[in-house]
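Chain by chain, the residues:
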Amino acid sequence: NMSVTFTPTAVGARGPVNLTISDNTSTTPHVLVVSGTGTAGSPSVALSPSTPLTFAGQLVSTTSAAQTVTVTNTGTAPLVFGTSAISITNDFTQTNTCNGATVAIAATCTISVSFAPSATSNNPRTGTLSIADNATGSPQTVALSGTGLDFTLTIPSTASTTAGTTASVTVTIGASGGFTGQVTITCSGSIPQGSCTAPTASITAPGTATLTFMTSAQVAPPGSR
């Protein structure tokens, strides 16, 4: 038995060529005409994970840890990306090794996606990762979602006390998007001839905290009476 394989180096008709077999028979040599057609390969994309990326609750104006999308060339030709091939929308950010790259057959590039919510409204917050290349089906897309978390503070606009005594006000700590973290309350600024005292321990939201205000008692100078 004899096996013949065809590995074209160019697109189009290749051959014919003669395959000559010599042996000790009276009909030697034997000639077999061989030809074939080279066809252009094509790249193909496989994404891992291929399902939507879902992020856990994230505090507004902070950035989550990244989740990685691996892009594999499963085709038979190089996979080519433009210089701005990877794009993302809404409250999501990305860095990648794909932009401007040519990915060989069976090789990969990666995209790191993070969630940075700007609000708690319209939860879950959604976006789209888009991947443009020279493969069939471009651009490929991955759906993104995450929940924005935040807390709110509600405090009376005024508080009054007489000199030398204290006044207390209640701060209400609300939760948005399911926020259940710890909130630390501090006093800032200054009160002329007075002070503000905040709880020393963090408060679990939703909850309340008490702020205490005091102003100094007025003392008459000697000889004023």
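Here the structure is shown first, and the text comes after it.
None of these values were measured; they are calculated from a predicted model.

## Considering the pattern of salt bridges
Move 1: In total, this model carries 1 salt bridge according to the counting rule given.
Move 2: The residue D91 makes a salt bridge to R125 at a minimum N-O spacing of 2.8 Å. Remark: R125 occurs in strand β11 (residues 125-131) and D91 occurs in the loop between β7 (86-88) and β8 (92-96); sequence separation between them is 34 residues. An identical accessibility class is assigned to D91 and R125; each is buried.

## Here we look at the environment of G100
Move 1: Mapped onto the elements, G100 comes out in the loop between β8 and β9 (102-103).
Move 2: Judged by its relative accessible area of 48%, G100 falls in the partly exposed class.

## Some points on the packing of aromatic side chains
Move 1: Here the structure, examined in full by the defined rule, presents 4 aromatic pairs.
Move 2: Judged by centre distance (5.0 Å) and plane angle (25 degrees), the rings of F92 and F115 are stacked. Of this pair, F92 sits in strand β8 while F115 sits in strand β10 (residues 108-115), and the two are 23 residues apart along the sequence.
Move 3: Since its relative accessible area comes to 0%, F115 is described here as buried.
Move 4: Counting every residue linked through ring pairs, the aromatic cluster contains F55, F92 and F115.

Cut-offs used in this document
Residues numbered from 1 in each chain as written. Predicted model: local features only at pLDDT ≥ 70, side-chain atom pairs only at ≥ 80, totals over all residues. Heavy atoms only, no water. Salt bridge = Lys/Arg side-chain N within 4 Å of Asp/Glu carboxyl O. Helix = DSSP H or I, 4+ residues; strand = E, 2+ residues; numbered from the N terminus. Buried < 20%, exposed > 50% of the residue type's maximum accessible area, 1.4 Å probe, protein only. Phe/Tyr/Trp six-rings, centres within 6.5 Å; stacked < 30°, edge-to-face > 60°.

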